[in-house]
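Architecture and fold: a report
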Amino acid sequence: MKKDPYAPLRETMTPTPEYWRSLEHRDNDESVTSTQDLEFPNGITTPTGFNRRDAMKLAGASIALGSLAGCEKLRRDPDEILPFVRPPEKYVAGNKLMYATAAQRSEGALGLLAESNEGRPTKLEGNPLHPSSLGASDTWAQAEILKLYDPHRARSPLKAGAPAKWEEWDAFARDHFGKLVTEQGKGLAFLVEEDMGPTFERLLAKLPAAKVVRFDPLAPDNAIQGAQLAFGPGARVHVDLSKVKVVFSLESDFLQSGPEHLAYARQFGATRAVQKQEDAQKMIRLYVAEAVFSNTGTNADHRVRISSGEGVNLLKQLEYELGLAPTAPAAVLSDVQKKFVAAMAKDLNNNKGGCAIFVGERQPAAVHALAHAISVSLNSFQAGAMTVSFPETPVARVGMHEQLEALVKGLGTEVTTLVTFDGNPLYTAPGALKFGEAAAKVTFVHAGVLPEETGLKATWHVPIGHFLESWADARAWDGTVSLVQPLILPLHGARAGLTLLAQMVGEAETSDRKLVEATWLGKQLADVKAWRKALHDGVVANTARKPGTATAEVKTADVVAAVATVKATSASKDSLEFIAVDGHVKDGRLSNVS
């Protein structure tokens, strides 16, 4: 038995301090001492025959029984489950594993590395081999993890808003879409986003008589239309900020959102990392004119406030200051705006070949085209600071709002069945079109990760798997393709989007993996080794769009005619300008996880 070595000295040592809660407690007042040993003071009495310990016992038993009841829902594939006697190669419990994948977005696919812990996706990082991310990710990529685990995802198909079984959907699809397939898709329309990936697009082409309508409120519609107006069908414009000295942004938050914004942010930030004196000479000078203070505006060296309706006038003034127009625009800019344009024009002229002009989506397509024409005159395309690319088979494109308007007019007459994939048109379509009333006239099928407003009102809502649960492929803004591989089985019994589309178009093969393999194996990817390398790297080599000519000839007459139709408006005390900013929830698609 151990002895206290300080026992003989205890009486001479400082006595143990006494603690008290109040002066009454210190003085042993009866008002305190009479209740200090009670578990429930102040008049609260212990329930007869039932105390706190009994409650804890019942709660513990309930949790244990609930855990046993949930064991049947563990995410394991019953066909492939194996005892974990010998772990897979390179697997260490507790260590994360990374897999290359991609998320298809309105402005092109974003290459990602998905982090998996014990078979569960937990984090998304940028893929350094992907041209759109260069190793970076954004807040919306992180939100996709929350969307994967969103408890509001449908557990089964919905028929007229009520739960149904997959067998009911299969019977309906076999009968309804079987008839449409025999007629090559006549009467059928698909409402989808700008680019759904090569395999999805291949399946859409199975029914030549079906209409394919593109509508996405977040797509760079005006940017695409402006490039087509300036350079021809299928054109897209790209910027290499590593070759740029001066940037002008007209209502474009290119460092925060839009095509290739992560790559632009990486390149722009690299020039601002000043470690020594000579690094200061590499810094990009940024001029910004915008109506709403943006992330890009916070990084500007020179910024001027304008109303969105003045964008065309500002570019016309710049055209005049550069000597590209004989006269200044008739509309009067403020003195501050004129000084801003004059200083910027001088800087652009002094750095020909090293300039870039970005225009935001709030500006019409004609303003985008005018900006491209100015960039060509500044030798930006000739020097490689800006480039234009084209697809293998360029096709003239109609604006998204025009496509949607034509679809609404045809619902109930030319179109009898409407299918939309992972969109929410009842919420995002312009109210003036009365999309909901028109869609009620047809058989309306909504396929999406979440039911949302459209799925609850549609004839059928069929839940599709999150991109972390499904096989697919995705195409970036520059055309580079990535293979999308699942990290986990569907959490709520959803089916892959490719599986559902194959079922609708009468494809015999409905396995999402085999559908993707049919697109690439033996073609762009010669064998299984090439397939595995593409999965590992996250990109399919040599799939980017072909570059245009270095001269980048502008269709001047078309641009001039289009710009003439743009009516400039200036803010005044008698007029109000309303500006829509999507913010973090975008068009509402991320409202559940933001």
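In this text the structure is predicted, and so the values were computed from the model without any measurement.

Conventions and cut-offs
Residues numbered from 1 in each chain as written. Predicted model: local features only at pLDDT ≥ 70, side-chain atom pairs only at ≥ 80, totals over all residues. Heavy atoms only, no water. Helix = DSSP H or I, 4+ residues; strand = E, 2+ residues; numbered from the N terminus. Contact = heavy atoms within 4.5 Å. Areas by Shrake-Rupley, 256 points an atom, 1.4 Å probe, with all protein chains shown as cover. 1 Å grid on protein atoms, 1.4 Å probe; cavity = no way out; pocket = protein on both sides within 12 Å on 5 of 7 lines; lining within 4 Å. Points joined across faces, edges and corners; volume = space filled by probe spheres on them. Nonpolar A, V, L, I, M, F, W, Y, C, P; charged D, E, K, R; others polar. Axes fitted to C-alpha atoms, helices over the stretch in contact; angles between N-to-C directions. Parallel < 35°, antiparallel > 145°, perpendicular 65-115°, else oblique. Left-handed = near helix turned anticlockwise from the far one by under 90°. Pairing = 2+ DSSP bridges. Core = buried A, V, L, I, M, F, W, Y, C linked by side-chain atoms within 4.5 Å. Buried < 20%, exposed > 50% of the residue type's maximum accessible area, 1.4 Å probe, protein only. Salt bridge = Lys/Arg side-chain N within 4 Å of Asp/Glu carboxyl O. Phe/Tyr/Trp six-rings, centres within 6.5 Å; stacked < 30°, edge-to-face > 60°. Lys NZ or Arg CZ within 6 Å of the ring centre and 35° of its normal. Polar contact = N/O pair within 3.5 Å; in protein donor to acceptor, adjacent residues only side chain to side chain.

**Concerning the overall build of the chain**
The helix and strand tally for the chain stands at 21 helices and 19 strands. For the chain, restricting intrachain contacts to residue pairs at least 6 apart in sequence, the fraction spanning at least 24 positions comes to 69%. As displayed, the chain offers around 31600 Å² of accessible surface, 55% of which is attributable to carbon and sulfur atoms.

**Quick look at empty space enclosed by the protein**
Applying the stated criterion to the full structure yields 2 cavities of 30 Å³ or more. Of the voids in this model, the largest cavity is the one considered here, and its volume is about 70 Å³. Along its surface, the largest cavity is lined by Arg105, Glu107, Gly108, Ala109, Leu110, Ser132, Gly258, Glu260, His261 and Leu262. Along the lines of polarity and charge, the residues of the lining of the largest cavity split into 3 nonpolar, 4 polar and 3 charged. The computed volume of the second largest cavity comes to approximately 50 Å³. Residue lining of the second largest cavity: Gln104, Arg105, Ser106, Glu107, Gly108, Glu194, Asp195, Arg236, Arg475, Ala476 and Trp477, and that is the complete set.

**Here's the deal with the packing of helix H12 (residues 365–377) against helix H21 (residues 556–564)**
Running from amino to carboxyl end, H12 crosses H21 at an angle of 135°, the nearest separation of the two axes being 9 Å. Considered as vectors, H12 and H21 are oriented oblique to each other. Crossing angle aside, the handedness with which H12 passes H21 is left-handed. Two secondary-structure elements touch here, H12 through Ala366, Ala369 and Leu370 and H21 through Val559, Ala562 and Val563. Here the contact of H12 with H21 is built from residues that sort into 6 nonpolar, no polar and no charged.

**Comments concerning the packing of helix H5 (residues 166–182) against helix H18 (residues 497–505)**
Relative to each other, H5 and H18 sit at 45°, their axes nearing to 7 Å. As judged from the angle between their axes, H5 and H18 are oblique. The residues of H18 that touch H5, namely those facing Trp166, Trp169, Asp170, Ala173, Phe177 and Val181, are Leu500, Gln503, Met504 and Val505. The residue inventory of the contact of H5 with H18, partitioned by class, reads 8 nonpolar, 1 polar and 1 charged.

**Comments concerning the sheet that holds strand S19 (residues 546–547)**
Sheet architecture is open: 3 strands sit in the order S8-S13-S19, paired in antiparallel fashion. Each of the sheet's edge strands pairs with one partner strand only, and the pair in question is strand S8 (236–239) and S19. Pairing analysis gives 2 bridges linking strand S13 (residues 386–390) to S19, with the strands arranged antiparallel. The residue of S19 that forms the bridge with serine 389 is proline 547.

**Let's talk about the nonpolar core**
In terms of nonpolar packing, the biggest core is built from 56 residues, with Phe231, Leu241, Val247, Phe248, Leu250, Leu315 and Leu318 touching the most fellow members. Of the residues forming this core, the biggest block, 7 residues, is contributed by H12. Within the second largest apolar cluster, 40 residues are counted, among which are Val419, Val481, Leu483 and Leu500.

**Some remarks on unusual backbone geometry**
A positive phi is found at glutamate 118, a non-glycine position, where the angle reads about 55°. Residue classification places glutamate 118 among the partly exposed residues on the basis of a relative accessible area of 48%. The residue asparagine 379 is not glycine, and still its phi comes out positive at about 65°. Here asparagine 379 is to be found in the loop between H12 and helix H13 (380–383). Since its relative accessible area comes to 34%, asparagine 379 is described here as partly exposed.

**A look at the pattern of salt bridges**
As a working rule, side chains carrying opposite charge can pair if their charged atoms are close by. Within the structure shown, the criterion is met by 22 salt bridges. Put simply, lysine 123 and glutamate 125 hold a salt bridge, and the shortest N to O gap is 2.8 Å. Taking the shortest distance from any N to any O, the salt bridge between lysine 409 and glutamate 405 comes out at 3.9 Å. Here glutamate 405 and lysine 409 lie together in helix H14 (residues 400–410), a separation of 4 residues that amounts to about one turn. A relative accessible area of 63% means that lysine 409 is categorised as exposed. Salt bridges linked by common partners bring Glu193, Asp216, Asp587 and Arg589 together as one network.

**Some remarks on the sheet that holds strand S2 (residues 110–117)**
One open sheet holds the 3 strands; their spatial order is S1-S2-S3, and the pairing between them is antiparallel. Across the chains shown, the open sheet's two edge strands, defined by having one partner strand only, are strand S1 (97–103) and strand S3 (120–126). Each strand axis lies, on average, 35° off the axis of its neighbour in the sheet, ignoring direction. On the sheet, helix H4 (residues 139–148) packs against S2 and S3 and is oriented at approximately 165° with respect to S3.

**Quick look at helix H20 (residues 528–537)**
Residues spaced three or four apart along an α-helix face the same direction, because each turn holds 3.6 residues. Turning to H20, its buried residues number three or more, namely Trp531, Ala534, Leu535 and Asp537. Along its buried surface, H20 packs onto S1, strand S18 (481–484) and helix H19 (512–520). Immediately downstream of H20, the backbone of glycine 538 shows phi near 85°, a positive value.

**Observations regarding the packing of aromatic side chains**
Under the criterion given, the structure shown has 14 aromatic pairs. With centroids separated by 6.0 Å and ring planes inclined at 75°, the aromatic side chains of tyrosine 287 and phenylalanine 340 adopt a geometry described as edge-to-face. Residue tyrosine 287 is found in strand S10 (residues 285–290), and its partner phenylalanine 340 is found in helix H11 (residues 335–350); the two are separated by 53 residues along the sequence. Each member of the pair, tyrosine 287 as well as phenylalanine 340, is classed as buried. The ring of tryptophan 477 carries the charged tip of arginine 236 above its face, separated from the ring centre by 4.3 Å. Here the guanidinium or amino end of lysine 586 rests over the ring plane of tryptophan 140, the centre of that ring lying 3.6 Å away.

**Notes on helix H10 (residues 311–321)**
What H10 keeps buried is the set Gly311, Val312, Asn313, Leu314, Leu315, Gln317 and Leu318. Where H10 is buried, its residues meet strand S9 (246–250), S10, H11, strand S12 (355–359), H12 and H21. After H10 finishes, the residue glycine 323 shows a positive phi value of roughly 80°.

**Re the side chain of threonine 454**
Its place among the elements puts threonine 454 in helix H17 (residues 452–457). A polar contact is formed between the side chain of threonine 454 and the backbone nitrogen of leucine 426, at a distance of 3.1 Å. When sequence neighbours within four positions are dropped, the list of residues in contact with threonine 454 reads Thr420, Gly423, Asn424, Pro425, Leu426, Tyr427, Phe444 and His446.

**A word on the environment of phenylalanine 421**
By the element assignment, phenylalanine 421 lies in strand S14 (residues 417–421). Take phenylalanine 421: its relative accessible area is 2%, and that puts it in the buried class. Remark: the alpha-carbon pair of phenylalanine 421 and leucine 501, spanning 80 residues in sequence, is separated by 9.1 Å. Sequence-distant contacts of phenylalanine 421, that is, excluding residues within four places in its chain, are made with Phe190, Leu191, Val192, Met196, Phe200, Ala447, Gly497, Leu500, Leu501 and Met504.

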